[in-house]
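Residue-level structural notes
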Amino acid sequence: MTAFFRLVVRDLELAFRDGGALGTALGFFLMVVAMMPLGLGPDLNLLSKLAPGILWIALLLSALLSLPRMFESDFDDGALEVIAMGPLPLELIVIAKATAHWLTTGLPLVLLAPVLGLLLNLDLASAPLLVTAMILGTPAISFLGAIGAALTLKAKRSGLLLALLVLPLYVPTLIFGISALTNQILNTGGAGSSLMILSAVSLFALVLGPIASAAALRAQMQ
Amino acid sequence: MAAASHPGQEFCGKPPLLILSTRTSETFLILSIENLCVTRGERPIIDGLSFNVGSGEALVVMGANGSGKTTLLRALAGFIQPKSGAILLDGHSEDARISDACHYVGHLNAIKTSQTVAENLSFYAGFLDDTLSQAEISDRVEDALARFALDRLASVPSGYLSAGQKRRLALARVLCAARPIWLLDEPTTSLDQESTTQLASVINAHVASGGVAIAATHLDLGVGPARTLQLDQKARSA
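Residues numbered from 1 in each chain as written. Chains lettered and ligands numbered in written order. Predicted model: local features only at pLDDT ≥ 70, side-chain atom pairs only at ≥ 80, totals over all residues. Heavy atoms only, no water.

A few points about the overall build of chain A
On a plain count of helices and strands, chain A comes out with 9 helices and 0 strands. Along chain A, helices and strands appear, N-terminal first, in the series α-α-α-α-α-α-α-α-α. The C-alpha radius of gyration of chain A comes to 18 Å, within 12% of the 17 Å expected for a compact globule of 222 residues. For chain A, the spread of C-alpha atoms along the three principal axes comes to 55 × 35 × 30 Å. When each of the 222 residues of chain A is scored for burial, the buried share is 51%. Counting only contacts in chain A whose residues sit at least 6 apart along the sequence, the fraction spanning at least 24 positions is 83%. For chain A, the exposed surface amounts to about 9400 Å²; the carbon and sulfur share of it is 74%. Separation of charge centres in chain A, based on 10 positive and 11 negative side chains, amounts to 4 Å. (Helix = DSSP H or I, 4+ residues; strand = E, 2+ residues; numbered from the N terminus. Rg over C-alpha atoms; globule rule 2.2 N^0.38 Å. Buried < 20%, exposed > 50% of the residue type's maximum accessible area, 1.4 Å probe, protein only. Contact = heavy atoms within 4.5 Å. Areas by Shrake-Rupley, 256 points an atom, 1.4 Å probe, with all protein chains shown as cover. Lys, Arg positive; Asp, Glu negative; His and termini not counted. Charge placed at Lys NZ, Arg CZ, Asp CG, Glu CD.)

Details of a nonpolar patch on the surface
Taken together, the side chains of A:L203, A:L206, A:V207 and A:I211 make up a nonpolar region of the molecular surface, amounting to roughly 370 Å² of accessible area. You can see A:V207 is positioned in helix α9 (residues 191–220). (Patch = residues over 30% accessible without salt bridge, like charges linked within 9 Å, V, L, I, M, F, W, Y side chains within 5 Å. Salt bridge = Lys/Arg side-chain N within 4 Å of Asp/Glu carboxyl O.)

Focus: the pairing of strand β7 (residues 181–185) of chain B
Note on strand geometry: in a regular strand, side chains alternate between the two faces of the sheet. Residue and element names in this part refer to chain B. Burial analysis of β7 places 5 of its 5 residues in the buried class, the great majority of the element. Residues of β7 alternate between two faces, with I181, L183 and D185 on one and W182 and L184 on the opposite face, all of them buried. Direction of pairing for strand β6 (residues 102–105) relative to β7: parallel, over a ladder of 4 bridges. For Y104, the partnering residue across the bridge sits in β7 and is L183. Here β7 runs beside strand β8 (residues 212–216); their pairing, made up of 5 bridges, is parallel. Across the sheet, residue D185 finds its bridge partner in β8, namely A216. (Pairing = 2+ DSSP bridges.)

Examining the nonpolar core
Side chains that are nonpolar tend, in soluble globular proteins, to be buried together. In this structure, A:F29, A:L55, A:F71, B:L72, B:I181, B:L183 and B:I214 are the most contacted members of the largest nonpolar core, which totals 107 residues. Those residues in contact with B:I214 that lie beyond four places of it in its chain are B:L31, B:V53, B:L59, B:V61, B:L73, B:L76, B:W182, B:L183 and B:L184. Membership of the second largest hydrophobic core comes to 32 residues, among which are B:A58, B:V117, B:L175 and B:V207. (Core = buried A, V, L, I, M, F, W, Y, C linked by side-chain atoms within 4.5 Å.)

Considerations on the sheet that holds strand β3 (residues 57–62) of chain B
All names here are of chain B. Pairing within the open sheet is parallel, and its 5 strands lie in the order β6-β7-β8-β3-β9. The open sheet has two edge strands, β6 and β9 (227–230), and neither has a second partner. Across the sheet, the mean angle separating the axes of adjacent strands is 15° when strand polarity is ignored. (Axes fitted to C-alpha atoms, helices over the stretch in contact; angles between N-to-C directions.)

Overview of unusual backbone geometry
Residue and element names in this part refer to chain B. Here the phi dihedral of N35 falls at roughly 50°; this positive angle occurs in a residue that is not glycine. Structurally, N35 can be placed in strand β1 (residues 30–40). With a relative accessible area of 47%, N35 lands in the partly exposed category. Even without glycine at this site, A110 takes up a positive phi of about 55°. Along the chain, the position of A110 falls in the loop between β6 and α3 (117–128). Residue A110 is classed as buried on the basis of its relative accessible area of 1%.

Describing the packing of aromatic side chains
Applying the stated criterion to the full structure yields 4 aromatic pairs over all chains. Aromatic pair A:F4 and A:F5: ring centres 5.7 Å apart, planes at 80°, arrangement edge-to-face. Overall, A:F4 belongs to the buried group, its relative accessible area being 10%. Measuring from centroid to centroid gives 5.4 Å for B:F79 and B:Y104, while their planes differ by 75°, and the two rings are edge-to-face. One end of the pair, B:F79, is in the loop between α2 (69–77) and β4 (84–89); the other, B:Y104, is in strand β6, with 25 residues separating them in the sequence. (Phe/Tyr/Trp six-rings, centres within 6.5 Å; stacked < 30°, edge-to-face > 60°.)

Some remarks on the interface of chain A and chain B
Counting residues at the interface gives 26 residues for chain A and 32 residues for chain B. Approximately 2500 Å² of surface area, both sides summed, lies buried where chain A meets chain B, with 54% of it carried by carbon and sulfur atoms. Among the residues chain A hides against chain B, the three largest losses belong to A:R6, A:M85 and A:Q222. Together they make up 30% of the total. For the interface between chain A and chain B, the tally reads 4 salt bridges. (Buried area = accessible area lost by both parts, 1.4 Å probe.)

Regarding the confidence of the model for chain B
In low-pLDDT segments, the atomic positions of the prediction should not be examined closely. Residues and elements named next belong to chain B. Residue-level pLDDT values for chain B average 81, and 83% of them are 70 or greater. Helix α5 (residues 163–172) holds the highest mean pLDDT among the elements of chain B, 93, whereas helix α1 (residues 17–21) holds the lowest, 37. Counted against residues more than four places away or in other chains, residues 1–26, with its pLDDT under 50, gives 28 contacts. Note on the complex model: pTM 0.87, ipTM 0.87. (pLDDT = per-residue confidence, 0-100.)

Structure below.
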């Protein structure tokens with residue numbers, strides 16, 4: 001386990017030193033959400049109804065923007081080969097790197113979301129539920145994203161390909177992430193079931209992502 | 001022959017990982033390659049190659065550009081799955097985890113430019129051998145840096161290093177975690193004469209203590225008594 005934690009800590013350090021990743025994701029998130037009221041007009045009822053959807057879609061797109069970085073720099077400078085020679089199986093390496101990605105991208109985006117919700121007239125009372133849903137749902141973004149990031153590693157300018165591969169996998173997270181909030185806003189109750197499905201999707205991603213991603217990395221390193 | 005004296009069944013299901021990492025100097029280790037065939041795409045690169053390397057031996061793999069030196073080392077490191085043939089360590093087929101016994105220094109230096117020289121090495125030391133304590137890691141790193149004359153640059157961000165210094169930093173990695181087999185791909189790239197001599201002495205010391213070094217090169221390394229494996233381009237032109 002020591003090697004696992006050392007890898008996570010190193011990835012966190014590198015992410016903060018290189019700066020780019022976190023800034024890009026947060027900046028993009030902020031800009032997309034800030035544009036929405038300008039585009040949709042000052043109808044507060046409409047905005048608060050759309051707020052969960054806008055926040056989730058913006059969050060997915062911002063996270064997508066930072067996905068290629070998960071393996072790219074380590075692959076390009078040869079560090080991934082050295083790490084692969086270490087004591088960890090490639091699956092655990094993927095888990096470590098996806099965890100670091102979630103901590104540096106997913107988590108900051110989630111914490112920013114309720115603040116940006118104010119721009120969309122999101123009811124403050126539903127902020128805790130929003131954060132809960134996003135914390136439960138965002139691990140799926142990093143772990144399913146790891147598959148796409150590994151598959152498109154050698155493709156130059158892989159952004160579009162990555163989006164095509166990964167966005168369909170994010171649909172369940174998007175649907176149940178939004179339904180958790182709309183249920184509460186419309187007072188139809190039942191946020192609990194949505195949260196449970198969100199967790200299930202994340203757990204599923206936690207298992208499938210590393211296996212598929214490690215297989216892709218093996219093929220890429222041939 | 002401590003490793004070979006264990007009954008073979010003990011390794012079933014579990015690769016002899018511990019035996020390799022706790023290897024003492026008396027342990028005798030043989031890496032044998034039997035009738036190895038490696039293809040890239042449809043093209044055969046290595047065809048029917050067999051050789052043995054044992055503890056205390058340095059093997060220099062020579063050959064023209066494109067003769068398969070890198071492919072051979074990557075196959076040994078476990079990155080490329082051979083089409084046929086076997087890579088055996090002490091007689092055991094464990095192609096999946098043979099990489100636990102190897103250091104691989106490829107064409108790429110695996111250096112993080114935003115970390116300092118010492119930070120780069122500390123991570124690899126602690127990661128490749130996760131039994132090391134923090135104090136042991138800094139000892140090893142200090143020693144490795146001194147051996148490659150990088151000690152004065154320890155706290156410099158590695159992005160500022162020259163190409164030769166970066167190469168030395170990559171090579172210093174092999175001293176950070178104890179592993180019996182070193183796979184070095186063109187280790188002398190961009191090294192000056194003095195550093196090449198340093199590298200040769202490091203390799204000689206490793207071999208003298210019972211290790212195995214396999215280096216692909218087309219220049220003379222100046223390593224003590226070394227066997228040479230000549231990869232032939234003719235073998236696969238047809």
